[in-house]
Amino acid sequence: MTTPPSTATRPATEVGAARRWAMLAASTTAQAAAGITIHGPAFLIPVLVADGGLSLAQAGLVAAAPMLGVTLTLVAWGALADARGERATLLVGLVLTAALGGVAMAGGGVVALALALAAAGAAAASTASASGRVVVGWFPPHRRGLAMGIRQMAQPAGVGIAAVIIAVVAETRGVAAALGVPVAAALLAAALVAAVVVDPPRPERREGSAPNPYREDGFLARVHAVSVLLVVPQFLVWTFALVWLVQDRGWSAAAAGTLVAVSQLLGALGRVAVGQLSDVVGSRIRPLRWVTVAAGLSMAALGLAAGLDAAVAVPLVVLATVVTVADNGLAFTAVAERAGPFWSGRALGAQNTAQYLAASAVPPVAGLLVAQAGYAAAFALAALCPLAAVALVPVRGERALR
C-alpha cells in the first residue's frame, strides 16, 4: 500500500528577516565567487600570450577550461543539493574550488593549467543550484522575485571584479598571483556560507511525494527552451558590442569599454527590477513573456539602426544589453518553484547546462556571420530567436504564488 504524500514540514530553524537577507548576501557572494573562477581566466589571455609564450589558441583553451568543467557537472551538483541540502553542497563546492584553484596556481604547463582550471570550474558549478535553492527556500513568494533578481546580479558582478582585478594582478605580479583572486573569493564565500546559511525547510519525503515534474507536463522543458533561445542575443551583444563600437562606430577602446561596463551594470539592475515586477504581478511567466517580446524588438531595432548607421544604434545596444539579460532570474525562479524542493536542484542544473551549451556556440557562429554579412545582419538575425521563443513561453502550468 502506497503511503499518501505528506504536506507536513520538517522542524525548521526559525529565522528572521535579517538572517534571510544575510543568507541572500552569502548566496550572492558564493555565486559571484563562482563567476570569478569561471570567467576570470579569460582576462589572463594577454599575459599568457605576451609573457607565457602561449599561442592565442592555447590561451583560449586555458580561458575556456572552467566553462567546460561547469557544463559537465551542473546537474550532478544539483542532484547533490536535492539529496544532501544546500549548505553542505555550497561548502564542499567552495572549498574544492579554492583547493583546485591553488593547484592551478602551481602551474606546470598549459595542459596542467587547463585541467586544473577545468576542475576548479567543475567545483564552482556547485553554487548554481544550491545558492538558488537557498533563496527560493527562505524567501516567501511575494519577495522571491526581488531576492532572486539580487542573487542574479552575482554573474555580472563576478565578471566585473575579475576584469578589474585579475588583469591588473596578472600584468603586475604574474599569472600565479592572479589565480589567487578566485581562490580568495571562494574562501571568503565559504566562510560566509558557514556563518549564516541554514538549509531551508522542505516537506518530509514520503513514497510518492516527489514525482518527476518533467513527466507531468511540458512547463519546465518550455522554460528551458525559451532560456536557450534568449541566450543567443544575450551573448551576441556581450561578445561583440565592444568590437562593433570600435570597428563600425569609430569609438576608442576605452570609451567602448566604459559604455559596455555601464550597460552591464544597468543589466544587473534590470534583473532586480523585473524580479520585483514578478512579485507585484504574482507571476514569473507573464513578465518572462514581456521580456521575450522586448528582447526580439530591441534586437530588430538595433539591427536596423546599425544597418542605417544611425546614431540611435548606440543607445539601442545599451537597451538590448539590458533587456536580453532580464529573463535570467525570472526563468530561474520559475523553474525552481515549479520543480519543487526535491527536484529543483536537478532542474536548475539542466537549465544552466542548456544555457552554457548554447552560450558556448554563439561567439564562433556569430563571428562567422559577422565576417560574412556584418554586425547589422547578425543583430537583426538574432532577433529571430526571442521572437520564436514567444510561442514557447508556457501559457499554463505555473503554480500559484502563495
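Residues numbered from 1 in each chain as written. Predicted model: local features only at pLDDT ≥ 70, side-chain atom pairs only at ≥ 80, totals over all residues. Heavy atoms only, no water.

Under an unreviewed UniProt entry, the chain has the name MFS transporter and belongs to Nocardioides kribbensis.

Asks: Just checking my understanding: could you explain the pattern of salt bridges for this structure?
Replies: Side-chain pairing between opposite charges can occur once the charged atoms of the two side chains come close. Following the criterion strictly, the structure yields nine salt bridges and no others. Among the salt bridges present, the one from R144 reaches E337, with a minimum N-O distance of 2.8 Å. With R144 in helix α7 (residues 141-151) and E337 in helix α14 (residues 327-339), this pair connects stretches of sequence that are 193 residues apart. On the accessibility criterion, E337 (16% relative accessible area) is buried. Here D279 makes a salt bridge to R284, at a shortest N to O gap of 2.9 Å. Classification of D279 as buried rests on a relative accessible area of 10%. The buried category is assigned to R284, whose relative accessible area is 0%. Through salt bridges with shared partners, one network takes in D82, E86, R133 and R346. (Salt bridge = Lys/Arg side-chain N within 4 Å of Asp/Glu carboxyl O. Helix = DSSP H or I, 4+ residues; strand = E, 2+ residues; numbered from the N terminus. Buried < 20%, exposed > 50% of the residue type's maximum accessible area, 1.4 Å probe, protein only.)

Asks: What's the story with the packing of aromatic side chains in this structure? I'm lost.
Replies: Any pair of aromatic rings gets described here by the distance separating the centres and the angle formed by the planes. One pass over the structure, following the stated rule, counts three aromatic pairs. Summarising the aromatic geometry, the rings of W21 and F139 are spaced 5.1 Å apart at their centres and angled 80° between planes, so their arrangement reads as edge-to-face. Here W21, found in helix α1 (residues 17-39), pairs with F139, found in the loop between α6 (126-138) and α7; they are 118 residues apart in sequence, far enough to count as distant. The exposure class assigned to F139 is buried, which follows from its relative accessible area of 4%. Measuring from centroid to centroid gives 5.7 Å for W244 and F379, while their planes differ by 90°, and the two rings are edge-to-face. (Phe/Tyr/Trp six-rings, centres within 6.5 Å; stacked < 30°, edge-to-face > 60°.)

Asks: Hey, could you run me through the side chain of Q152 in this one?
Replies: Within the element layout of this structure, Q152 appears in the loop between α7 and α8 (154-173). Contacts of Q152, omitting those with residues within four sequence positions, involve R271, N328, G329 and F332. (Contact = heavy atoms within 4.5 Å.)

Asks: I'm lost on unusual backbone geometry in this one. Help?
Replies: Glycine aside, residues mostly have negative phi, and peptide bonds are mostly found in the trans state. Despite not being glycine, D309 has its phi angle at roughly 55°, a positive value. Note that D309 resides in the loop between α12 (285-307) and α13 (313-325).

Asks: How should the environment of A388 be read in this particular structure?
Replies: Tracing the chain through its elements places A388 in helix α17 (residues 384-390). Residue A388 is classed as partly exposed on the basis of its relative accessible area of 40%. C-alpha of A388 to C-alpha of L230: the two residues are 158 residues apart in sequence and 9.6 Å apart in space.

Asks: Looking at this structure, how should I read the layout of surface pockets?
Replies: Regions of empty space are outlined by a rolling probe, equal in size to a water molecule, passed over the atoms. In this structure, the largest pocket spans a volume of roughly 1,500 Å³. Only α1, α2 (45-50), α3 (56-84), α8, α10 (219-247), α11 (253-281) and α15 (344-373) provide two or more residues apiece to the lining of the largest pocket. Here the lining of the largest pocket takes nine residues from α8, the largest share from any one element. Residue composition of the lining of the largest pocket, by class: 28 nonpolar, seven polar and two charged. (1 Å grid on protein atoms, 1.4 Å probe; cavity = no way out; pocket = protein on both sides within 12 Å on 5 of 7 lines; lining within 4 Å. Points joined across faces, edges and corners; volume = space filled by probe spheres on them. Nonpolar A, V, L, I, M, F, W, Y, C, P; charged D, E, K, R; others polar.)

Asks: How do you make sense of a nonpolar patch on the surface when you look at a structure like this?
Replies: The grouping of V293, L297, L381, L384 and L387 at the surface amounts to a nonpolar patch, some 440 Å² of accessible area in total. For the nonpolar patch, the elements supplying multiple residues, two or more each, are α12 and α17. For L297, the location among the structural elements is in helix α12. Judged by its relative accessible area of 54%, L297 is exposed. (Patch = residues over 30% accessible without salt bridge, like charges linked within 9 Å, V, L, I, M, F, W, Y side chains within 5 Å. Areas by Shrake-Rupley, 256 points an atom, 1.4 Å probe, with all protein chains shown as cover.)

Asks: Whenever I open this one, empty space enclosed by the protein confuses me. Can you help?
Replies: For the structure on display, the rule yields five cavities of 30 Å³ or more. By volume, the largest cavity is sized at about 390 Å³. Contributing elements (two or more residues each) for the lining of the largest cavity: α1, α3, α6, α8, α10, α14 and α15.

Asks: Where do I start with the packing of α1 against α6 in this structure?
Replies: Any two packed helices are characterised by how steeply their axes cross, that is the angle between the axes, and by the distance between the axes. Where α1 meets α6, the axes come as close as 9 Å, and the angle between the chain directions of the two elements is 165°. Considering their axes alone, α1 and α6 lie roughly antiparallel with respect to each other. Classified by chirality, the crossing of α6 by α1 is left-handed. Contacts from R20, M23, L24, S27, A30, Q31 and A34 in α1 reach T127, A128, S131, V134, V135 and W138 in α6. Each residue belonging to the contact of α1 with α6 can be placed in one class, and the counts come to eight nonpolar, four polar and one charged. (Axes fitted to C-alpha atoms, helices over the stretch in contact; angles between N-to-C directions. Parallel < 35°, antiparallel > 145°, perpendicular 65-115°, else oblique. Left-handed = near helix turned anticlockwise from the far one by under 90°.)

Asks: Honestly, the nonpolar core in this entry has me stumped. Any pointers?
Replies: Proteins that are soluble and globular tend to have nonpolar side chains buried together. Of all hydrophobic cores here, the largest spans 71 residues; its most connected members are M23, L44 and L48. Top element by residues in this core is helix α9 (residues 175-196). It accounts for nine residues. In this structure L48 touches G53, L54, A59, V62, L113 and V175, once residues within four positions along its chain are discounted. Formed by 30 residues, the second largest nonpolar core is a distinct cluster that contains F240, L245, A382 and A383. (Core = buried A, V, L, I, M, F, W, Y, C linked by side-chain atoms within 4.5 Å.)

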